[in-house]
Amino acid sequence: MFKNTFERGFLSILYSIGSKPLQIWGKKVNNGHIKRITDNGIHSLVLDVEGANVSTTYITCPADPEKTLGIKLPFLVMTIKNLKKYFTFEVQVLDDKNIRRRFRATNYQSTTRVKPFISTMPMRLDDGWNQIQVNLSDFTTKAYGTNYIETLRVQIHANCRIRRVYFSDRLYSENEIPAEFKLYPPVQDKKAKVKRHTHTNIHSI
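Fair warning: this is a prediction, and the values are worked out from it, not measured in the lab.

Engineer: Report on the overall build of the protein, specifying residues and quantitative values.
Structural biologist: Check the secondary structure of the protein and you find one helix and 14 strands. The buried share of the protein, reckoned over its 205 residues, is 54%. Here the contacts in the protein between residues at least 6 apart in sequence split such that 71% fall between residues at least 24 apart. Of the roughly 10300 Å² of accessible surface on the protein, a fraction of 48% belongs to carbon and sulfur atoms.

As structure tokens, this is what we get:
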């Protein structure tokens with residue numbers, strides 16, 4: 001999808017305030033819901049993904065299972081709200097051996113497992129909003145001893161609220177990030193429990 005796009009800086013694939021936030025995403029819902037709601041903490045529209053089973057309610061990009069993202073930027077960044085329920089997401093990448101690898105992070109397991117085609121990692125989320133940052137190049141090298149080429153697919157499962165999902169060429173400081181990519185707590189609401197730029201801990205491989 002983005003193979004011929006000039007990639008530098010930031011490349012967003014989901015923005016909850018956009019007119020069609022799931023325009024390039026597919027979704028599956030089983031005993032749950034995927035809908036846009038207003039989050040009281042940040043007084044803004046967000047995408048709410050909830051389901052009784054994390055494996056059967058999710059959004060996936062691209063929508064067409066035959067297509068791939070083709071994004072070469074190595075950092076995946078997601079602004080996610082912790083709903084204190086089971087939550088998982090998965091990223092499929094291509095390495096320089098032309099092998100497709102998957103990385104799955106969950107908040108309900110405690111050990112890292114590396115298998116030939118999939119690695120699963122525990123993830124710790126703080127209360128409220130989190131910024132999840134994944135260095136896909138580093139993960140690919142540590143897990144498989146190969147080099148990251150591009151991201152093929154991103155899949156986000158229940159249960160969470162999503163503000164933004166984007167890729168970047170490096171990690172940027174708070175001052176360098178464009179205003180529309182930031183999560184601002186309302187100044188007038190001092191009780192809003194929103195943490196800016198919480199770097200979520202995904203246990204390294």
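Engineer: Let's hear about the side chain of Asp48: which residues, and what values?
Structural biologist: Summarising the element assignment, Asp48 is placed in strand E4 (residues 44-51). A relative accessible area of 2% places Asp48 in the buried class. Setting aside its immediate chain neighbours within four residues, Asp48 contacts His33, Ile34, Lys35, Ile37, Leu83, Cys160 and Arg161.

Engineer: If you had to explain empty space enclosed by the protein to someone new, which residues and values would you point to?
Structural biologist: Tallied over the entire structure, the rule returns two cavities of 30 Å³ or more. Put simply, the second largest cavity is a space of about 40 Å³. Taken together, 11 residues form the lining of the second largest cavity, with Val77, Gln133, Tyr166, Leu171 and Tyr172 sitting closest to its centre. Elements supplying a minimum of two residues to the lining of the second largest cavity: strand E11 (128-135) and strand E13 (160-168). Of the residues that constitute the lining of the second largest cavity, the class distribution is six nonpolar, four polar and one charged.

Engineer: Can you explain the packing of aromatic side chains? Please cite residues and give values.
Structural biologist: Taken as a whole and assessed by the stated rule, the structure comprises eight aromatic pairs. Centroid distance Tyr86 to Tyr108: 5.0 Å. Interplanar angle 50°. Geometry classified as tilted. On the criterion of sequence distance, the pair formed by Tyr86 in the loop between strand E6 (75-82) and strand E7 (88-95) and Tyr108 in the loop between strand E8 (100-106) and strand E9 (113-114) is long-range, its members being 22 residues apart. Linked through ring pairs, Phe10, Tyr166, Tyr172 and Phe181 together constitute an aromatic cluster. Stacked on the ring of Tyr144, the Lys or Arg Arg101 has its end atom at 4.1 Å from the ring centre. Above the plane of the ring of Tyr172 lies Arg170, whose end atom (NZ or CZ) is 3.9 Å from the centre.

Engineer: Would you mind going over the environment of Leu45 in detail, with residue names and values included?
Structural biologist: By the secondary structure assignment, Leu45 is in strand E4. Exposure remark for Leu45: the relative accessible area of 33% places this residue in the partly exposed category.

Engineer: Describe in detail the environment of Pro178, supporting the description with residues and values.
Structural biologist: Within the secondary structure, Pro178 is located in the loop between E13 and strand E14 (201-202). Pro178 sits in the partly exposed class, given a relative accessible area of 24%. Remark: the alpha-carbon pair of Pro178 and Phe10, spanning 168 residues in sequence, is separated by 9.0 Å.

Engineer: Report on the nonpolar core, specifying residues and quantitative values.
Structural biologist: Membership of the largest hydrophobic core comes to 39 residues, with the highest contact counts inside it found for Phe89, Ile156 and Ile162. When sequence neighbours within four positions are dropped, the list of residues in contact with Ile156 reads Trp25, Tyr58, Ile59, Met78, Phe87, Thr88, Phe89, Ile162 and Val165.

Engineer: Provide a residue-level description of the environment of Ile149, including the pertinent values.
Structural biologist: Of note, Ile149 is situated in strand E12 (residues 148-157). C-alpha separation for the pair Ile149 and Asn98, spaced 51 residues apart in sequence, amounts to 8.6 Å. Other than its neighbours up to four places away in sequence, Ile149 contacts Lys72, Leu94, Asp95 and Asp96.

Engineer: Tell me about helix H1 (residues 136-144), and please be specific about residues and values.
Structural biologist: Residues lying three or four places apart along an α-helix face the same way, a consequence of the helix completing one turn every 3.6 residues. Inspection of H1 places Leu136, Phe139, Thr140, Ala143 and Tyr144 among the buried residues, and these make up the whole buried set. For H1, the buried positions fall inside an angular range of 100° around the axis, keeping them on one side. Taking the backbone nitrogen of Ser137 as reference, a side-chain oxygen 3.3 Å away marks Asn135 as the first, capping residue of H1.

Engineer: Explain the pattern of salt bridges to me, using residue names and the numbers behind them.
Structural biologist: A complete count under the given rule lists 12 salt bridges for this structure. We note a salt bridge from Lys84 to Asp127, for which the minimum N-O separation is 3.8 Å. On the criterion of sequence distance, the pair formed by Lys84 in the loop between E6 and E7 and Asp127 in the loop between strand E10 (118-124) and E11 is long-range, its members being 43 residues apart. Between Arg124 and Asp126 there is a salt bridge; the shortest N-O distance is 2.7 Å. A relative accessible area of 42% means that Arg124 is categorised as partly exposed. Through salt bridges with shared partners, one network takes in Asp39, Asp48, Lys81 and Arg161.

Rules behind the numbers
Residues numbered from 1 in each chain as written. Predicted model: local features only at pLDDT ≥ 70, side-chain atom pairs only at ≥ 80, totals over all residues. Heavy atoms only, no water. Helix = DSSP H or I, 4+ residues; strand = E, 2+ residues; numbered from the N terminus. Buried < 20%, exposed > 50% of the residue type's maximum accessible area, 1.4 Å probe, protein only. Contact = heavy atoms within 4.5 Å. Areas by Shrake-Rupley, 256 points an atom, 1.4 Å probe, with all protein chains shown as cover. 1 Å grid on protein atoms, 1.4 Å probe; cavity = no way out; pocket = protein on both sides within 12 Å on 5 of 7 lines; lining within 4 Å. Points joined across faces, edges and corners; volume = space filled by probe spheres on them. Nonpolar A, V, L, I, M, F, W, Y, C, P; charged D, E, K, R; others polar. Phe/Tyr/Trp six-rings, centres within 6.5 Å; stacked < 30°, edge-to-face > 60°. Lys NZ or Arg CZ within 6 Å of the ring centre and 35° of its normal. Core = buried A, V, L, I, M, F, W, Y, C linked by side-chain atoms within 4.5 Å. Arc of directions from axis to C-beta. Polar contact = N/O pair within 3.5 Å; in protein donor to acceptor, adjacent residues only side chain to side chain. Salt bridge = Lys/Arg side-chain N within 4 Å of Asp/Glu carboxyl O.

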